[in-house]
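# Survey of secondary and tertiary structure
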Amino acid sequence: MSDLFAPSSSASKRRSRGPVMAAKKAAEGAKQEDGKYKHTVDLPKTSFGLRANSVMREPELQKLWEENQVLKRVSERNTGATFTLHDGPPYANGDLHMGHALNKVLKDIINRYKLLQNHKVSFIPGWDCHGLPIELKVLKSMDKATLNALTPIRLRQKAAKFAKVTVNAQMNSFKRIGIWADWDSPYLTLSPEYEAAQLEVFGQMVMRGYIYRGRKPVHWSPSSRTALAEAELEYSENHVSKSIYAAFKITSPSSSGLLDEFLPNVCLAIWTTTPWTIPANAAVAVNPELSYAVVELQSVLESESTSGGKQQKLGSILSSGIEKPFIIVASDLVSVLESKWGVKLVIRKSFPGSVLEHCRYLHPVNGNECSVVIGGDYITTESGTGLVHTAPGHGQEDYLTGLKYGLPIVSPVDDEGNFTAEAGQFSGLSVLGAGNAAVVKYLDEHVSLILEEPYKHKYPYDWRSKEPTIFRATEQWFASVDGFRDAALDAIKRVTWVPSQGENRIVNMISGRSDWCISRQRTWGVPIPVFYHVDTQEPLITEETIEHIKAIVSEKGSDAWWYMKTEELLPDKYRDKASEYRKGTDTMDVWFDSGSSWAAVSAKRDGLNFPADVYLEGSDQHRGWFQSSLLTSIATTGKAPYSSVITHGFVLDKDGLKMSKSVGNVVDPEKVILGGKDSKKEPPYGADVLRLWVSSVDYTGDVLIGSEILRQMSDMYRKLRGTMRFLLANLHDWNPENSVPYSDLPKIDQYALFQLENVVASMKDSYDNYQFYKIYQTLQRFAIVGLSNFYFDVAKDRLYVGGRVSYTRKSCQTVLAAHLLYLVRAIAPIMPHLAEDIWQNLPFEHTLEDGSVAKFAFDLKWPDKNEEWCSVQKDDVDFLSVILELRSEVNKILENARTGKLIGASLDAKVYLHAENPDTVSKLKELASATNDADALHRLFITSQVEHLSFLKIRGPLSAFNFVLTPPLFCLSAGGDSPIPE
């Protein structure tokens, strides 16, 4: 047989079949024939519709779950270990988007699967309710008069109201998607009990010495008027800065005397993309390992233009008629700078950078003398001049170098990003606008500017206002990551990361993280519980003060900090000195809020695990919630708050582009479920189609969604529903007591159960490894294509016309019932509404191990491995696989014959087979003459007869074969000769 047919994966078209079609015609013509044949036909019967009507049906099923408290009852009844997936709180400031849907559905799939695995599951949904986005939305909603009369407590009340309304709206949207959670007891970061738990974490970090106050440069948003953490930044790749090359005149060389011959006209050349920081300059830093050179500026190279073209502006130093100073730059950059500046640079002397230390130069703005210092390996020859303008008040590396040399931390910039009076003539100008230009102009007028040019580079922006940020030294509260960085890195190794590259990402972020700025200059948030001495400004923050405030907040909420007096907020020990102190006005970083959720939820509430089993969020949370949660937990408990971390990518449109309302490519999850105004363009698909899409994508990267993708999902859902409908309809008269023992089943039925067991085992493995897209693919191959094209196809005759009480019908129904019970559990985590709809239309009762009847789909448990079903011999499995391939080839030939009008129905044909392998011949003959009608080859091929030919006369190569049918004989021929049966 295998010598004659090559395997093919293409599916055959549906074929009309004698007995089945006759049965249908008999049923249709029952009235005309006075019911003569009606009793002989068992056609499918079910109330389970092919159309889902999801807009109506899904809410009905959700109401059914809620009224019967299915989640609570199932979880309490389960006897396995507790499973905790800790919910990362979405921000309560708008409607749900597709990213929310992806995130929550992934979590729900996992939780529902764990329920089927007999785990106790309690999913506590959470919301992040504090912070600037909510505060800004509230402020924008007010008129001028209201704003003028606004008090901090009134703003907080309005912000809390806004957040709660948003939480309620988002909660209803999540429910409609079919998310199972403890909706009656969510965690909100604005609730008193949560705020108290957050203050407890803060207090423990204070007592361990990890919290301190200092003046150092931080990311500052002039548009939002607050400090920002790294996680609150977005980096623009297209930012263009005004960059300059400037010269600072040396007044006193080092003791080596190397520069004496060039005095008094020798300068240090620096390059900066932030000219506005020049007034805060405190030093110039060099790399001691680099070679530097004194170069002479000779004539402008008339034959060459500067590399920047028309956008460049030559400074006064390069202007004609000006005496050219000697310039010090890194030796490796001389040729590059020669080209960029458009001048001839002649090296007069070279020396290592270490020689320049302690040289003195004249500050280009205020005229003070400053020093040359040794910097770190951040000074390179990749760009610039090899000498770094150092302003400790405006850069992290500058700040560290400043600490080493005791440099002043100057930052003459206010909250709105304008120069202060300390900046002299630049006072009041915006550092990102007019102030920047004014500094450049001043340098040019005072013969300190070499070149000005635009510079496109990566630059941090405020993630909320979408405006540029600056580095600015202010008094802030910090968490010293240095104190527990090693412990955090060690804990990361013991966490399972999905995908695995997530580990490297967070390791890199923690390794390079500077201290965490946790204070914010805003009103809507949890207060930093600190008092300041009125005269000295020294902070008062002790274990007693924190505990006292925590107790007040747990009872009254953090609003108490604003409406209670200082003497009421201080513990008894300090109350008599209350007049000497004032309350601080800073609030905590919202990442400290959400990063304390493990303490407020997982470690506090009953029925939850700490550490949580799983955290699951977007990949951007490696620098956000995953990190802040890790840092607070390590600092206070010494362990990570999670055992596993799963990350997903972003949702993009069908073309892989970011969704934007202005572009018009946003896919709204609510419209996917309920439909849009134009139902033809935006049909209502229901929640399960959306959930099916989630299962179909490899979420570890960015995922795509669009109208065509949703149509494909809808088609897949409809076909799967059709498969389940076939199972239900053909079990309409099924009684589990009529199940045929496995040993008595026909081989084809045993093979079907073998396939089922292996498919479900494969899906279990995919669920366990969170690879849901593999489950989608398996369902597509097996439940839709595989079952429909083979087992259902060959089963119809014995189901419909085999006789209601016949052995072959009962054996087939035994297999169908097994498929129904297995598949409904396999799809339940992904499409719970479909699974429940199936279960509510179940035509028989299913009894659980404890003797109770399963009333809901999630009363079931994931099936244990059935060793008996796996016992099919490998030779039999291989042979039946060959039969399936052969059947596919036969179907092709039958279709060709039907097209050529040689046959009508497939039962008009007889199949002749030839094989030379003795084992194959033996098995073919066994099936061809099977007394068990279900296993007979002609039943598998749905033809009238099948006969094996022991001899076949062939002329020419096999590739020359063509197919000829002469009803009722099915023959193969080459070169016009027909096979000759013996």
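Residues numbered from 1 in each chain as written. Predicted model: local features only at pLDDT ≥ 70, side-chain atom pairs only at ≥ 80, totals over all residues. Heavy atoms only, no water.

## Observations concerning the state of the cysteines
Convention followed: Note on disulfides: each one is a pair of cysteine sulfur atoms within 2.5 Å. Partly exposed describes any residue whose relative accessible area lies between the buried limit of under 20% and the exposed limit of over 50%, with all areas from a 1.4 Å probe on protein chains only and scaled to the type maximum.
By the definition in use, this model includes 0 disulfides. Unpaired in this structure, cysteine 359 has its nearest cysteine sulfur neighbour in cysteine 267, at a distance of 12 Å. Classification of cysteine 359 by relative accessible area gives buried; the value is 0%.

## A word on the pattern of salt bridges
Note the following rule: What makes a salt bridge here is a side-chain nitrogen of Lys or Arg within 4 Å of a carboxyl oxygen of Asp or Glu, nothing more. The secondary structure listing takes helices from DSSP runs of H or I that are at least 4 residues long and strands from runs of E that are at least 2 residues long, numbered from the N terminus.
Taken as a whole and judged by the stated rule, the model has 50 salt bridges. Close ionic contact of glutamate 232 with arginine 520 constitutes a salt bridge, the shortest N to O distance being 2.6 Å. Taken together, the residues span a long stretch of sequence, with glutamate 232 in the loop between strand S7 (226-228) and strand S8 (233-252) and arginine 520 in strand S22 (residues 519-520) at a distance of 288 residues. Across this residue pair, the class does not change: glutamate 232 and arginine 520 are buried.

## So, helix H10 (residues 396-405)
Heads up, the rule is: Arc definition: directions from the helix axis to the C-beta atoms.
Within H10, the full set of buried residues consists of Asp398, Tyr399, Thr401 and Gly402. Summarising the axial view, the buried residues of H10 lie within an arc of 165°, below the 170-degree limit, and thus occupy one face. Of the residues in H10, the exposed ones pointing more than 90 degrees away from the buried face are Leu403 and Lys404. Immediately beyond the C-terminal end of H10, within one or two residues, lies glycine 406, with a positive phi of roughly 65°.

## Some words on a nonpolar patch on the surface
We count it as follows: Exposure above 30% relative accessible area and the lack of any salt bridge qualify a residue for a patch; like charges then connect within 9 Å, and the nonpolar side chains Val, Leu, Ile, Met, Phe, Trp and Tyr within 5 Å. Computed with the Shrake-Rupley method and a 1.4 Å probe, the accessible areas treat only the protein chains shown as cover for residues.
A contiguous nonpolar surface patch, about 250 Å² in accessible area, is contributed by Val55, Met56 and Leu674. By the secondary structure assignment, methionine 56 is in helix H2 (residues 54-67).

## Overview of the environment of leucine 228
Put simply, the rule reads: We call two residues in contact when some of their heavy atoms are within 4.5 Å.
In this structure, leucine 228 sits in strand S7. Along the sequence, leucine 228 and histidine 239 sit 11 residues apart, while their C-alpha atoms lie 19 Å from each other. Dropping the residues within four chain positions of it, leucine 228 is found in contact with His219, Ser221, Leu233, Asp462, Arg464, Thr469 and Arg520.

## Considering unusual backbone geometry
Residue proline 264 is reached from leucine 263 by a cis peptide bond, and omega for that bond is 5°. Along the chain, the position of proline 264 falls in the loop between S8 and strand S9 (266-272). A cis amide bond, omega 0°, links phenylalanine 610 with the succeeding residue proline 611. Looking at the element boundaries, proline 611 is found in the loop between helix H19 (597-602) and strand S27 (612-618). A positive phi angle is found at asparagine 118, which is not glycine, with a value near 75°. Mapped onto the secondary structure, asparagine 118 falls in the loop between helix H4 (98-116) and strand S3 (120-121). For lysine 901, which is not glycine, the phi torsion reads 60° and is therefore positive.

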